Amino acid sequence: MASRAVELKNVGFETGGLWLLRGVSAEVDVGQTVAIIGPSGAGKSTLISLINLMRTPTEGEIWVLGQEVRAWPVRELRQRVGMVFQSPVIFPGSVRDNVLFGLELHRRPPRDVAELLQMVDLPAHLADHAAEDLSGGQKSRVALARTLAMEPDILLLDEVTAALDVHAKREVESTLLRLKREFGKTMLWVTHDLDQARRVADEVWFVAGGRLVERGTPDEIFNEPRSEALRSFLAEGGEVRS
Ligand SMILES: Nc1ncnc2c1ncn2[C@@H]1O[C@H](COP(=O)(O)OP(=O)(O)OP(=O)(O)O)[C@@H](O)[C@H]1O
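It should be emphasised that the depicted structure is a prediction, and the values quoted were computed from it without experimental measurement.

Engineer: Could you give me a rundown of the pairing of strand β6 (residues 81-84), with the residues and numbers involved?
Structural biologist: Side chains Val81 and Met83 project from β6 onto one buried face, and the interleaved Gly82 and Val84 project onto a second face that is buried too. Bridge count between β6 and strand β7 (residues 154-158): four bridges; the pairing is parallel. Following the sheet pairing, valine 81 is matched in β7 by isoleucine 154.

Structure (structure tokens):
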């Protein structure tokens, strides 16, 4: 397998005459966790949505597992690159139905639900419960299990713990870190929670105004910010707008 999971080469995205991202170049190694931080409206979600072609880059190239995104058959790309959102998408039906939904959609054989639930630290007996009755943290895990059922190499995580209380947040976080440790998943993890970014990331990207302004280890980003933009973002506790 390529040692680079993702490589962005001068990537830009324009819509309605507006450049939401411009000149983004960076790479993510296989098994690495990158936390993406930055003001609201900076372009963080836009950036990760380009990696599985939810949006198509206007300029530049994005290489995923050794192949440019537009050269991948989209279905296959989305199997290799899973995405999980802040509000878990839960369908009416059992936890089992919800976990197996992606496999059915892709006409792939069902997998052992108990095993998938175990991967996200949920007890097997929940398989027959109505998914809509679960707690927020449990729903997040069900959505994650649905994504993991596709055996993605790369996970795009968009504010996955933002809607959770402190306890559930830490639990989902530790589940994700275990997936990284045990299965070597590569993660691009958008978060507004700077402490979380410190805890989970091998590398942190600071995005502001549609640019990748700085990248570095958590220590470099949080203790030795180089740009004025990052310094003021950190001084405001990560709450400023782009
Ligand atoms: N289809 C679109 N057309 C025009 N503007 C858009 C479109 N999609 C997003 N935007 C704008 O692009 C900017 C970047 O959005 P994006 O969601 O990527 O930011 P973000 O950094 O993830 O923000 P947040 O942290 O608030 O989720 C925002 O100002 C948003 O309003």
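There is more to say after this.
Engineer: Go over unusual backbone geometry with me, naming the residues and quoting the values.
Structural biologist: Even without a glycine there, the phi angle at leucine 65 is positive, about 50°. Residue classification places leucine 65 among the buried residues on the basis of a relative accessible area of 13%. Even without being glycine, aspartate 121 reaches a positive phi, approximately 60°. Along the polypeptide, aspartate 121 turns up in the loop between α4 (113-119) and α5 (136-148). Take aspartate 121: its relative accessible area is 40%, and that puts it in the partly exposed class.

Engineer: For the pattern of salt bridges, give the residues involved together with the corresponding values.
Structural biologist: According to the stated counting rule, one finds 20 salt bridges in the structure shown. As a salt-bridge pair, arginine 4 and glutamate 7 come within 4.0 Å of each other at their nearest N and O atoms. The salt bridge involving glutamate 151 is made with arginine 108; its shortest N-O contact spans 3.5 Å. Of the two residues, glutamate 151 is situated in the loop between α5 and β7 and arginine 108 in the loop between α3 (95-105) and α4; the sequence distance between them amounts to 43 residues. Among the residues examined, arginine 108 registers a relative accessible area of 24% and is labelled partly exposed. Each of Arg108, Arg111, Glu115 and Glu151 takes part in salt bridges that share partners, so that together they form one network.

Engineer: A description of the sheet that holds strand β8 (residues 186-190) should follow, citing residues and the corresponding values.
Structural biologist: By way of backbone hydrogen bonds, the strands of a sheet pair with one another, either parallel or antiparallel. With respect to topology, six strands assemble into an open sheet ordered β6-β7-β8-β3-β9-β10, the strand pairing being mixed. Across the chains shown, the open sheet's two edge strands, defined by having one partner strand only, are β6 and β10 (211-216). When the angles between neighbouring strand axes are averaged without regard to direction, this sheet yields 20°. By the bridge criterion, four bridges tie strand β3 (residues 33-37) to β8 in an arrangement that is parallel. Considered in β8, the bridge of threonine 33 is made with methionine 187.

Engineer: With reference to specific residues and values, describe the site of the ligand.
Structural biologist: In the vicinity of the ligand, the contacting residues are Thr15, Leu20, Pro39, Ser40, Gly41, Ala42, Gly43, Lys44, Ser45, Thr46, Arg55 and His192. The contact in question runs from an oxygen atom of the ligand to an N or O atom on the backbone of alanine 42, over 3.0 Å. One nitrogen or oxygen atom from the side chain of threonine 46 is found 2.5 Å from an oxygen atom belonging to the ligand. Here the ligand loses 59% of its free accessible area of 640 Å² to cover by the protein chains. Counting residues per element, the shell around the ligand draws most heavily on helix α1 (residues 44-51), at three residues. Looking at the shell around the ligand residue by residue, the class counts come to three nonpolar, seven polar and two charged.

Engineer: Please set out the sheet that holds strand β4 (residues 59-64) residue by residue, giving values where relevant.
Structural biologist: If you trace the four strands from one edge of the open sheet to the other, you get β2-β1-β4-β5, paired in antiparallel fashion. The open sheet is flanked by β2 (18-29) and β5 (67-68), the only strands paired with a single partner. Looking at chain direction, β4 and β5 are connected through two bridges and run antiparallel. Its bridge partner being in β5, valine 64 is matched across the sheet by glutamine 67. In the packing of α1 onto the sheet, the strands contacted are β1 (4-15), β2 and β4, and the crossing angle to β1 comes to about 120°.

Each value, and the rule that gives it
Residues numbered from 1 in each chain as written. Predicted model: local features only at pLDDT ≥ 70, side-chain atom pairs only at ≥ 80, totals over all residues. Heavy atoms only, no water. Buried < 20%, exposed > 50% of the residue type's maximum accessible area, 1.4 Å probe, protein only. Helix = DSSP H or I, 4+ residues; strand = E, 2+ residues; numbered from the N terminus. Pairing = 2+ DSSP bridges. Salt bridge = Lys/Arg side-chain N within 4 Å of Asp/Glu carboxyl O. Axes fitted to C-alpha atoms, helices over the stretch in contact; angles between N-to-C directions. Near = heavy atom within 4 Å. Polar contact = N/O pair within 3.5 Å; in protein donor to acceptor, adjacent residues only side chain to side chain. Areas by Shrake-Rupley, 256 points an atom, 1.4 Å probe, with all protein chains shown as cover. Nonpolar A, V, L, I, M, F, W, Y, C, P; charged D, E, K, R; others polar. Contact = heavy atoms within 4.5 Å.

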